[in-house]
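Spelled out, the chains give:
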Amino acid sequence: MSALMSDYLLDRPGTSDEARALRADLVGRAREIVPVLARNAARTEQDRRVVEENISMIDDAGLFRIMKPKRFGGYETDFRTKLEVSRELARGCGSTAWASTLMNVCAWFGGLFPDRAQRDVWGENPGSRIAGVLAPSAEAVRVDGGYRVTGSWGWASGCLHSQWAVVGFPVPDERGEVVDQGLALVPMSDLSIEDTWFVAGMRGTGSNTLVAQDVFVPEHRVISVPAAIGGRYGTEHTDEALYRSAFIPVAALVLAGPQLGLAQAALELVLEKAPKRSISYTFYDVQTEAPTVQLAVAKAAALVDSAHLHAYRAAADIDQAAADGVYPDYAARARVRMDTGCAIEQAREAVRVLVSAHGASSFAESSPLQRIWRDSEVASRHAVINPAISSEVYGRALLGITDGVTALV
């Protein structure tokens, strides 16, 4: 981030010194492995999956534990910490940051399930990672003790490095009529992975398609998505503030973390190269002398800072409500979606400004900027963080209208 922006800016007032110290420690661990992630970024993209060295280093640094319950060896941190760790990893590799971000938020989803389901995931293997897709793209039949599920789910970021998955499905009653939308915890050993992730950006996330064929899911490994959207979770551990956080605000905001890091990485690269680069067909021997470049980097830096401000305010809103044990009302949740959309758009625009300032060589295959640009353009279009839809939701909420666009608020 900009040297002018305080690390504590827009932190929630009740954040303890202990929590801040843990955050600084975890972000510091992420920062230490950024050079390795950057070195492996091209290979991650070429292989269309995160290099195992990256996964091992993130795991060894404890960064897959940030959203996991303390009961199973996790850190159970707040969402501000989650954003900062994701941002830091994205400074090295957008695909690695995205995949790890999704596995971490799926660990948070896991913490919403009943204790018995959580013990299925982490009881014997506390290091289990979870991938997931919320969309109910499956069919299910009610059977004794649970459901038999058949379907496929794309795009499951992190599935190549996970032992479990959370997947959406329409919940039927005994007559086969759909009565709910569920989220199920399923071991990866019950699923297959179809290689479908061929994209222009975020190529290394390995966000392939999960496939289930007549898989049995016991009742205790299912929670209701509509109930979760309303703040009613399956966990019995209601004293754990992290798992009182608002469902859709969390699911949306976590996706901003990698975008913050991509924009920050682009800014750092352009600032580093500007004193050594000329502007072709001008009298400027170095870019630093050109007002056009000066204005561009100023605009980009302001956009990067603004993206952080919106994302951190949203995180503070989520964390404060969870700490207070209050589930945010519709208008408050709509503002988090709006903040998330603003952060995404500002980070993406910052990258675009910087690519233009740097020049056409930004698009050389050897330049990290072209990968950052492609990663930002692709990731910023995830359906849950669609800025236009977020604006519509927030505008309607300000006018007292709480339906008609999406249930994901």
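The structure under discussion appears in the preceding block.
Report follows, based on the coordinates. As the structure is a prediction and not an experimental result, all values here were calculated from the model. (Residues numbered from 1 in each chain as written. Predicted model: local features only at pLDDT ≥ 70, side-chain atom pairs only at ≥ 80, totals over all residues. Heavy atoms only, no water.)

Here's the deal with the sheet that holds strand 5 (residues 178-187)
Line of reasoning, step 1. On the basis of which strands lie adjacent, the open sheet formed by four strands has the order 1-4-5-8 and mixed pairing. Every interior strand has two partners, whereas the edge strands, strand 1 (130-133) and strand 8 (222-224), have only one. Looking at each pair of strands side by side, their axes are set apart by 30° on average, direction ignored.
Line of reasoning, step 2. Pairing of strand 5 with strand 8, which is carried by three bridges, proceeds in the antiparallel orientation. Across the sheet, residue Leu183 finds its bridge partner in strand 8, namely Ile223. (Pairing = 2+ DSSP bridges. Helix = DSSP H or I, 4+ residues; strand = E, 2+ residues; numbered from the N terminus. Axes fitted to C-alpha atoms, helices over the stretch in contact; angles between N-to-C directions.)

Some thoughts on the packing of helix 3 (residues 79-90) against helix 4 (residues 94-110)
The relative placement of two packed helices comes down to the angle between their axes together with the axis-to-axis distance.
Line of reasoning, step 1. Axis separation between helix 3 and helix 4 bottoms out at 7 Å; the angle between their running directions is 155°. Judged by the angle between their axes, helix 3 and helix 4 are roughly antiparallel. Judged by the twist between their axes, the crossing of helix 3 over helix 4 is right-handed. Residue-level contacts link Phe79, Lys82, Ser86, Leu89 and Ala90 of helix 3 to Gly94, Ala97, Ser100, Thr101, Asn104, Val105 and Trp108 of helix 4.
Line of reasoning, step 2. Of the residues in the contact of helix 3 with helix 4, the class split is six nonpolar, five polar and one charged. (Parallel < 35°, antiparallel > 145°, perpendicular 65-115°, else oblique. Left-handed = near helix turned anticlockwise from the far one by under 90°. Contact = heavy atoms within 4.5 Å. Nonpolar A, V, L, I, M, F, W, Y, C, P; charged D, E, K, R; others polar.)

Some points on the pairing of strand 4 (residues 164-172)
Line of reasoning, step 1. Most of strand 4 sits out of view: nine of its nine residues are buried.
Line of reasoning, step 2. One ladder, built from four bridges, connects strand 1 with strand 4; its direction is parallel. Bridge pairing in strand 4 links Gly132 to Val166.
Line of reasoning, step 3. Two elements, strand 4 and strand 5, share nine bridges in a ladder whose sense is antiparallel. Note on strand 5: the bridge partner recorded for Ala165 is Val186. (Buried < 20%, exposed > 50% of the residue type's maximum accessible area, 1.4 Å probe, protein only.)

Focus: the nonpolar core
Line of reasoning, step 1. Counting residues in hydrophobic clusters, the biggest one holds 96 residues, and the most contacted among them are Leu63, Leu89, Trp108, Phe109 and Phe247.
Line of reasoning, step 2. When residues of this core are assigned to their parent elements, the largest contribution, 12 residues, is made by helix 9 (residues 291-324).
Line of reasoning, step 3. Setting aside residues up to four positions removed in sequence, Trp108 forms contacts with Met67, Phe79, Tyr233, Leu242, Tyr243, Ser245, Ala246, Phe247 and Val250. (Core = buried A, V, L, I, M, F, W, Y, C linked by side-chain atoms within 4.5 Å.)

What about helix 4?
Line of reasoning, step 1. Its 17 residues place the ends of helix 4 24 Å apart at the C-alpha level, agreeing with the 24 Å of an ideal helix rising 1.5 Å per residue.
Line of reasoning, step 2. Where burial is concerned, most of helix 4 is hidden: 17 out of the 17 residues are buried. (Expected span 1.5 Å × (residues − 1).)

Side note on the packing of aromatic side chains
Line of reasoning, step 1. Across all of its chains, the model carries nine aromatic pairs by this definition.
Line of reasoning, step 2. The interplanar angle of 40° and the centroid separation of 5.6 Å between the aromatic rings of Phe72 and Trp122 together place this pair among those described as tilted. Taken together, the positions of Phe72 in the loop between helix 2 (52-60) and helix 3 and Trp122 in helix 5 (residues 115-122) put the pair 50 residues apart, joining distant regions of the chain. Judged on exposure class, the residue Phe72 and its partner Trp122 are both buried.
Line of reasoning, step 3. Cluster of aromatic residues (ring-pair linked, three or more members): Phe79, Trp108, Phe109, Tyr233 and Phe247.
Line of reasoning, step 4. Sitting above the plane of the Tyr75 ring, Arg65 keeps its charged end 4.4 Å from the centroid.
Line of reasoning, step 5. Arg129 extends its terminal NZ or CZ atom over the ring of Phe64, reaching a point 4.9 Å from the ring centre. (Phe/Tyr/Trp six-rings, centres within 6.5 Å; stacked < 30°, edge-to-face > 60°. Lys NZ or Arg CZ within 6 Å of the ring centre and 35° of its normal.)

Comments concerning the sheet that holds strand 6 (residues 192-194)
Line of reasoning, step 1. The four strands lie next to each other as 2-3-7-6, forming an open sheet whose pairing is antiparallel. The open sheet has two edge strands, strand 2 (138-143) and strand 6, and neither has a second partner. Direction aside, the axes of adjacent strands within the sheet are offset by 20° on average.
Line of reasoning, step 2. Note that strand 2 and strand 3 (residues 146-156) share six bridges and pair antiparallel. Within strand 3, the residue paired with Ala138 across the bridge is Gly151.

As for unusual backbone geometry
Line of reasoning, step 1. Here Gly154 and Trp155 are connected by a cis peptide whose omega angle stands at 5°.
Line of reasoning, step 2. The residue Trp155 is located in strand 3 in this model.
Line of reasoning, step 3. Even without glycine at this site, Arg48 takes up a positive phi of about 60°.
Line of reasoning, step 4. Mapping Arg48 onto the fold places it in the loop between helix 1 (17-47) and helix 2.
Line of reasoning, step 5. On the basis of relative accessibility, which here comes to 23%, the residue Arg48 falls in the partly exposed class.
Line of reasoning, step 6. Phi is positive for Asp214, which is not a glycine, with a value near 55°.
Line of reasoning, step 7. Of note, Asp214 is situated in strand 7 (residues 208-218).

Some details on the pattern of salt bridges
Line of reasoning, step 1. Under the definition given, this model contains 28 salt bridges.
Line of reasoning, step 2. Between Asp25 and Arg29 there is a salt bridge; the shortest N-O distance is 2.7 Å. A residue pair is termed a helical-turn pair when its members lie 3 or 4 positions apart in one helix, as Asp25 and Arg29 do in helix 1 at four residues.
Line of reasoning, step 3. Here Arg142 ties to Glu219 by a salt bridge, and the two come within 2.8 Å at their closest N and O atoms. Of this pair, Arg142 sits in strand 2 while Glu219 sits in the loop between strand 7 and strand 8, placing them 77 residues apart in sequence.
Line of reasoning, step 4. On the accessibility criterion, Arg142 (32% relative accessible area) is partly exposed.
Line of reasoning, step 5. For Glu219, a relative accessible area of 34% gives the class partly exposed. (Salt bridge = Lys/Arg side-chain N within 4 Å of Asp/Glu carboxyl O.)

Regarding a nonpolar patch on the surface
Line of reasoning, step 1. Taken together, the side chains of Leu398, Leu399 and Ile401 make up a nonpolar region of the molecular surface, amounting to roughly 320 Å² of accessible area.
Line of reasoning, step 2. Within the fold, Ile401 resides in the segment after helix 12 (387-398). (Patch = residues over 30% accessible without salt bridge, like charges linked within 9 Å, V, L, I, M, F, W, Y side chains within 5 Å. Areas by Shrake-Rupley, 256 points an atom, 1.4 Å probe, with all protein chains shown as cover.)

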